[in-house]
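# Results of the structural survey
Spelled out from the first residue to the last, the chains are:
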Amino acid sequence: MPCRKVREALAKDTGLSVRVVQVWFQNQRAKMKKIQRKAKQQEGDKSLDKEDSEPHIKQEPHSE
């Protein structure tokens, strides 16, 4: 998150309160974390899919 002076400058430039600017940055960080978690989860799912897609060879019992 930007330092207080930067948040104050952004608030002044946008006409928003400092608190609104702060919450916006907090929300953006939370959104990025969520996206990263989802990407990591999908990456894990793909590796599981690869394991499941490998052919399974069923061996018949030998009768002698």
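Residues numbered from 1 in each chain as written. Predicted model: local features only at pLDDT ≥ 70, side-chain atom pairs only at ≥ 80, totals over all residues. Heavy atoms only, no water.

### Topic: the UniProt feature "domain: Homeobox" (unreviewed entry) in the chain
UniProt's feature table lists "domain: Homeobox" (unreviewed entry) at residues 1–35, given in the numbering used throughout. Across residues 1–35, helical content stands at 83% and strand content at 0%; the span's end C-alpha atoms are separated by 18 Å. (UniProt positions renumbered as here; feature names shortened; annotations may be inferred. Helix = DSSP H or I, 4+ residues; strand = E, 2+ residues; numbered from the N terminus.)

### Focus: the side chain of Arg7
By secondary structure assignment, the location of Arg7 is in helix α1 (residues 4–14). No salt bridge forms around the buried Arg7; measuring N to O, its nearest opposite-charge neighbour Glu8 is 7.1 Å away. Apart from the residues within four sequence positions on either side, Arg7 is in contact with Met1, Pro2, Val18, Val21 and Gln22. (Buried < 20%, exposed > 50% of the residue type's maximum accessible area, 1.4 Å probe, protein only. Lys, Arg positive; Asp, Glu negative; His and termini not counted. Salt bridge = Lys/Arg side-chain N within 4 Å of Asp/Glu carboxyl O. Contact = heavy atoms within 4.5 Å.)

### Side note on the UniProt feature "DNA-binding region" (unreviewed entry) in the chain
Those residues carrying the UniProt feature "DNA-binding region" (unreviewed entry) are residues 3–36 in this numbering. A distance of 24 Å separates the end C-alpha atoms of residues 3–36, which is 88% helix and 0% strand.

### Observations regarding the packing of aromatic side chains
The relative placement of two aromatic rings is captured by the distance of their centres and the angle of their planes. Counted under the stated rule, the structure contains one aromatic pair. Here the aromatic rings of Trp24 and Phe25 are separated by 5.0 Å at their centres, their planes lie at 90°, and the arrangement is edge-to-face. For Trp24, a relative accessible area of 47% corresponds to the partly exposed category. (Phe/Tyr/Trp six-rings, centres within 6.5 Å; stacked < 30°, edge-to-face > 60°.)

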